[in-house]
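# Architecture at a glance
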Amino acid sequence: MSLTFDTVTLRFGAAEVVGGASFSVAPGEFVSIVGPTGCGKSTLLNLAAGLIAPSSGQVLVGGQPLTGLNRRAGYLFQGESLMPWRTARDNVAAGPEFAGASRAAAAAAAQTWLARVGLAGHGEKYPHQMSGGMRKRTQLAQTLVLDPPILLMDEPFSALDVQTRQLMENELLAIWQADMGRSGRKSVLFITHDLEEAISLSDRVIVLSAGPATRPIAEFAIDLPRPRDVAEIRLTPAFRAMEERIWAVLRDEVLKAYRAGAAA
Amino acid sequence: MIGVWRTGLAVVLLGLWYAGTETAVLSPLFFGHPLKIFAVIGEWFASGDIWRHLAITITETLLAFASGTISGVVAGLWLGLSPRTQAVLDPFIKAANAMPRVILAPIFAMWFGLGIASKVALGFTLVFFIVFFNVLQGVREVPPVVLNAARMLGASPRQLVRQVYLPAALSWVFSSLHVSVGMAFVGAVVAEYLGSYAGVGYLILQAEGMFDVDTVFAGIIVLTGCALVLDGAVSLAETRLLVWQPRADAARES
């Protein structure tokens, strides 16, 4: 399912956070958004999720203007979003339960997805008993069990150590490629400040300007072959060339953000 | 080793008390006599008289605890989720909480008589505010990311209350169980002491009227034992209810 931003602007009082952003994610496409720290990347995702409404412009989901929460989207949050009082299985079962599934059906669906993210034997654990990587897997299963046609991901792996992170990136790609939901492969909008992560995962990378009034200023098609191994693909000359091209654009914005931060 | 020191300290304190009253350095009229006190307790349990009074005090405690907790949770959720109502009621709640509520005991005795109801009422006013403020805090401190995640997973407003706000608030209630059970007990005993015809507080009141200090101390010791048992029961319940919360020793594992 497609996701389109049509000249979306967001103001908080006098401050313009997002300034006329237009871009779109095609059905089944994996798009990453990179930008300097604090430019409003997460805000874009919250707009796509319908957690915030734009001040002007609109977000289109499958061609229809979005009002209220985006029911077609699953959201993988950056922070600890699991319910700490539920076990891993009950956390994954939460979505189906909210939708009215019986406890048994929800638990069965949860168990299937726990197995798919490699946590088959850990369903009884509470979030505090799991490692950061396991909690991220649980969050992923919790989102995917509902089979949303659109997946919104907000720097989901930024808190993980490098090794766990690359494992999770590979698993995400494998699950995403294998997971043909009701409406085909999921469209992914992935936010990160890590350019290497963006290139190795995506079909397309969009670069945001430094804030305030952030908006896309460039986009790059990543025509690297799939399936990919995120650790190996980083060593290829094509990847390096792509990284240099994108960094040439991104660097200026990072510097702007850095100077604005240093001046403030 | 610590156990030895503890036992030693208890023996020394009791010994000093005993020696003090034996030699009349401490007046037995005011300080009682350890052996006589234990004789009173022994007789209470031997004759079985004490059970009736203890049962009444504990019933009052449990009723006050249950009613105070349930109302505190409901009121806390309600006001926590409607900031307008909370803003309107805030000064009234602050005033009611600031009031030394033990002083309501005579009023409750007039309203509800000298039976169990007036004791439950006093315990209720003590428990309610502890639970209420904890639930209010719990509702306010639900992490926004957990809330947004539940919304994105399709939770309706009703489901948010039942599946997110309530469990988050209950964790605060559970962590204040020791205090609220203790307060329910205090409310029951104090109300008994201020006017009643049964309960351990009543035994103390009677003995005091006859200047029978040994029985007063015996009552205090039975109450203390009872409070310790209640506290132990709360600790047991706590480990079951808060299994999902990280403990200091478990946190290191992850």
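As the structure is a computational prediction, the values presented were derived from the model and not from experiment. (Residues numbered from 1 in each chain as written. Chains lettered and ligands numbered in written order. Predicted model: local features only at pLDDT ≥ 70, side-chain atom pairs only at ≥ 80, totals over all residues. Heavy atoms only, no water.)

Residue and element names in this part refer to chain A. As summarised here, the arrangement of the four strands in space is 2-1-4-5, forming an open sheet in which the pairing is antiparallel. Looking along the sheet, the strands with just one partner apiece sit at the ends: strand 2 (15-25) and strand 5 (64-65). With seven bridges connecting them, strand 1 (residues 3-12) and strand 2 associate as antiparallel partners. When the bridges of strand 2 are listed, Phe5 appears paired with Phe23. (Pairing = 2+ DSSP bridges. Helix = DSSP H or I, 4+ residues; strand = E, 2+ residues; numbered from the N terminus.)

Turning our attention to the interface of chain A and chain B. Listed per partner, the contact involves 24 residues of chain A and 21 residues of chain B. Contact between chain A and chain B buries roughly 2100 Å² in total, counting both sides, with carbon and sulfur atoms accounting for 71%. The three residues of chain A that bury the most area against chain B are Trp85(A), Phe98(A) and His128(A), which together make up 38% of that side's buried surface. Connecting chain A to chain B are six residue pairs in polar contact (both at pLDDT 80 or more). Elements with a minimum of two residues in the side of chain A that touches chain B: strand 6 (73-76) and helix 2 (88-98) of chain A. Considering every element that reaches the side of chain A that touches chain B, the biggest residue donor is helix 2 of chain A, with four residues. Split into classes, the residues belonging to the side of chain A that touches chain B amount to 15 nonpolar, five polar and four charged. (Contact = heavy atoms within 4.5 Å. Buried area = accessible area lost by both parts, 1.4 Å probe. Polar contact = N/O pair within 3.5 Å; in protein donor to acceptor, adjacent residues only side chain to side chain. Nonpolar A, V, L, I, M, F, W, Y, C, P; charged D, E, K, R; others polar.)

Residue and element names in this part refer to chain B. On the surface, Leu9, Val12, Leu13 and Leu16 cluster together into a nonpolar patch covering about 410 Å² of accessible area. Within the element layout of this structure, Leu13 appears in helix 1 (residues 2-22). Its relative accessible area of 53% is what places Leu13 among the exposed residues. (Patch = residues over 30% accessible without salt bridge, like charges linked within 9 Å, V, L, I, M, F, W, Y side chains within 5 Å. Areas by Shrake-Rupley, 256 points an atom, 1.4 Å probe, with all protein chains shown as cover. Salt bridge = Lys/Arg side-chain N within 4 Å of Asp/Glu carboxyl O. Buried < 20%, exposed > 50% of the residue type's maximum accessible area, 1.4 Å probe, protein only.)

Turning next to the nonpolar core. Ranked by internal contacts, the top residues of the largest apolar core, which has 52 residues, are Met83(A), Phe98(A), Trp44(B), Val135(B), Leu160(B), Val164(B) and Tyr165(B). Residues in contact with Val164(B), not counting those within four places in the same chain, are Met83(A), Trp85(A), Val142(B), Val146(B), Leu147(B), Ala150(B) and Gln159(B). With 33 residues, the next largest nonpolar core counts Val18(A), Val31(A), Ala48(A) and Val59(A) among its residues. (Core = buried A, V, L, I, M, F, W, Y, C linked by side-chain atoms within 4.5 Å.)

Residues and elements named next belong to chain B. Between helix 7 (residues 116-140) and helix 9 (residues 157-175), whose axes approach to 8 Å, the crossing angle comes to 135°. Regarding the angle of helix 7 to helix 9, the classification is oblique. When you trace helix 7 past helix 9, the crossing you get is right-handed. Seen from helix 7, the contacting residues are Val131, Asn134, Val135, Gln137, Gly138 and Val139; seen from helix 9, they are Tyr165, Ala168, Ala169, Trp172 and Val173. Here the contact of helix 7 with helix 9 is built from residues that sort into eight nonpolar, three polar and no charged. (Axes fitted to C-alpha atoms, helices over the stretch in contact; angles between N-to-C directions. Parallel < 35°, antiparallel > 145°, perpendicular 65-115°, else oblique. Left-handed = near helix turned anticlockwise from the far one by under 90°.)

On to the side chain of Ser209(A), then. Residues and elements named next belong to chain A. By secondary structure assignment, the location of Ser209 is in the loop between strand 11 (204-208) and strand 12 (216-221). What makes Ser209 buried here is its relative accessible area of 5%. Not counting residues up to four positions away in its chain, the partners in contact with Ser209 are Pro36, Cys39, Thr214, Arg215, Ile217 and Glu253.

All told, the structure shown has 17 aromatic pairs over all chains when counted by the stated rule. Relative to Phe112(B), the ring of Trp111(B) lies with its centre 6.1 Å away and its plane at 90°, an arrangement referred to as edge-to-face. The class of Trp111(B) is exposed, set by a relative accessible area of 60%. Pairing Phe128(B) with Phe129(B) gives two aromatic rings, centres 5.1 Å apart and planes at 90°, and the pair type is edge-to-face. With respect to burial, Phe128(B) and Phe129(B) carry one shared label: buried. Above the ring of Trp113(A), the side-chain terminus of Arg116(A) is found at 4.1 Å from the ring centroid. (Phe/Tyr/Trp six-rings, centres within 6.5 Å; stacked < 30°, edge-to-face > 60°. Lys NZ or Arg CZ within 6 Å of the ring centre and 35° of its normal.)

Residue and element names in this part refer to chain A. Segmenting chain A into domains produces domain 1 (1-72 + 148-226) and domain 2 (80-147). If you average the C-alpha positions of domain 1 and of domain 2, the two centres end up 24 Å apart. The interface is formed by 15 residues belonging to domain 1 together with 12 residues belonging to domain 2. Taken together, the two surfaces of domain 1 and domain 2 that pack against each other cover about 1200 Å², and 64% of this comes from carbon and sulfur. Considering only the surface of domain 1 that becomes buried against domain 2, Pro148, Met168 and Ile175 emerge as the three largest contributors, covering 37% of it. One salt bridge in this structure joins Asp179 and Arg116, with 3.9 Å as the shortest N-O distance. Across the contact surface, domain 1 and domain 2 share five residue pairs in polar contact (both at pLDDT 80 or more). It is helix 5 (residues 162-178) that contributes the most residues to the side of domain 1 that touches domain 2, five residues altogether. Classifying every residue of the side of domain 1 that touches domain 2 gives nine nonpolar, two polar and four charged. (Domains from an automatic or database assignment.)

Now for the pattern of salt bridges. Residue and element names in this part refer to chain A. Taken as a whole, this structure holds 23 salt bridges over all chains when the rule is applied. Between Arg137 and Glu171 there is a salt bridge whose closest N-O contact spans 2.7 Å. Separated by 34 residues along the polypeptide, Arg137 in helix 4 (residues 132-144) and Glu171 in helix 5 bring together distant segments of the chain. Since its relative accessible area comes to 24%, Glu171 is described here as partly exposed. Each member of the salt-bridge network shares a partner with another, and the members are Arg165, Glu169, Asp194, Glu196, Glu197, Arg234, Arg240 and Glu243.

Residue and element names in this part refer to chain A. The strand order across the open sheet formed by six strands is 6-7-10-3-11-12, and the pairing between neighbours is mixed. A single partner strand is all that each edge strand has here, and the edge strands are strand 6 and strand 12. Averaged over neighbouring strand pairs, the angle between their axes works out to 15° when direction is ignored. Where strand 3 (residues 30-34) and strand 10 (residues 187-192) come together, five bridges link them in parallel fashion. The residue of strand 10 that forms the bridge with Val31 is Leu189. Strand contacts of helix 1 (residues 41-49): strand 3, strand 6, strand 7 (150-154), strand 10 and strand 11, with the helix running at about 155° to strand 7, the strand carrying the most contacts.

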